[in-house]
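Understanding the architecture of this molecule
Here is what each chain is made of, one letter per residue.
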Amino acid sequence: MQGDAWDVLRKLDENSIDALITDPPGKFGRNWAGMGTTRPHATEVHGRTYKQPELDEEFVKQAFRVLRKDRAWNTLSKEKRAKGEFPKGGAACLIRVPIENKTTRPHIQELIRLAESAGFVFYGEFVVALDMIGMGYDSGRDKGAAWLLFHAGNRNGVLWDLSVPNVIQAKRIRNPCKGDAKEHEAEKDPVEFTELLKAVTRKGDVVLDPFIGRGRWTKQMVSEGRHVIGADMDGTWPERIASEDYGYAGETPN
Ligand SMILES: C[S@@+](CC[C@H](N)C(=O)[O-])C[C@H]1O[C@@H](n2cnc3c(N)ncnc32)[C@H](O)[C@@H]1O
């Protein structure tokens, strides 16, 4: 969908989504971070204008409303899975934020506080370690990011072990670079979330990403057998994604 994430969330049914996994815009206090989005804003960066809306109380309230409060997880032993015994718990909400430092920390803590007051339970965070360019080009860049993992409500004893390492190694998608060239200013490697996706959702689940960007993430989610509802304010990306063949005809895979 092309649209504003807040509007898209308001249109979705209550208790209808199995997971929310997203990489939102937002500066988290970093004034230089005007480059992470394609939407215009009053702020001018390098002669261009960008919109960097911060996740707010309304966003977390709507996210909590649409996420399922009672759903089967994917995290028990192979034996239990074979018997069809899946634990129940509030759907997962994974939000990618900049790594914590002096500037970003108060903003990240505020987001956690807002989410908790909307009803989410904060499970913890996973660090994304990004590769470095070297030769001095890394100065001033984010060296990594973090996933904040919340549950929409009671986690019912689930997820103390997600079998996902606390540090996830990922590639920085660069521009220019052959083959893997970056097409969207804020594009990220789907490796950042693939193991988490598999841990917190099952095949056939509906994942919401209200800030899809380029769509490599959408493609990865679909190739893992998940349905995706994706939105971006900048119509370029939803249009591009809709025109591409993601090798999935809409049926629910096993
Ligand atoms: C950090 S980027 C997402 C990048 C994406 N994960 C990728 O790998 O390509 C954030 C995206 O949010 C979009 N955006 C900004 N404001 C928005 C809003 N209010 N509603 C929906 N999308 C918005 C931007 O156009 C941008 O594509």
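Read on for a plain summary of the structure. Just so it is clear, the model here is predicted, and its values are computed rather than measured.

Turning our eyes to something else, we now look at the sheet that holds strand β1 (residues 19–22). Spatially, β9-β7-β8-β6-β1-β10-β11 is the arrangement adopted by the 7 strands of the open sheet, whose pairing is mixed. In this open sheet, the two edge strands, each paired with only one partner strand, are β9 (167–170) and β11 (227–230). The sheet shows a mean angle of 25 degrees between the axes of neighbouring strands, direction not considered. Here strand β6 (residues 92–98) runs beside strand β8 (residues 144–151); their pairing, made up of 7 bridges, is antiparallel. Bridge assignment links cysteine 93 to a residue of β8, and that residue is phenylalanine 150. In this fold helix α6 (residues 216–223) packs onto β10 (206–209) and β11, with an angle of close to 155 degrees to the strand it touches most, β11.

Neighbouring the ligand are 25 residues; Asp23, Ala186, Phe211, Gly213 and Arg214 lie closest to it. For the shell around the ligand, the residue count by class is 10 nonpolar, 5 polar and 10 charged.

The next subject is the pairing of β8. Among the 8 residues in β8, 7 count as buried, and that is most of the element. Across 8 bridges, the pairing between strand β7 (residues 121–130) and β8 is antiparallel. Of the residues in β8, the one forming a bridge with valine 121 is histidine 151.

Parameters at a glance
- Residues numbered from 1 in each chain as written.
- Predicted model: local features only at pLDDT ≥ 70, side-chain atom pairs only at ≥ 80, totals over all residues.
- Pairing = 2+ DSSP bridges.
- Helix = DSSP H or I, 4+ residues; strand = E, 2+ residues; numbered from the N terminus.
- Axes fitted to C-alpha atoms, helices over the stretch in contact; angles between N-to-C directions.
- Contact = placed C-beta atoms within 7 Å.
- Near = placed C-beta within 6 Å.
- Nonpolar A, V, L, I, M, F, W, Y, C, P; charged D, E, K, R; others polar.
- Buried ≥ 20, exposed ≤ 12 C-beta atoms within 10 Å, placed from the backbone.

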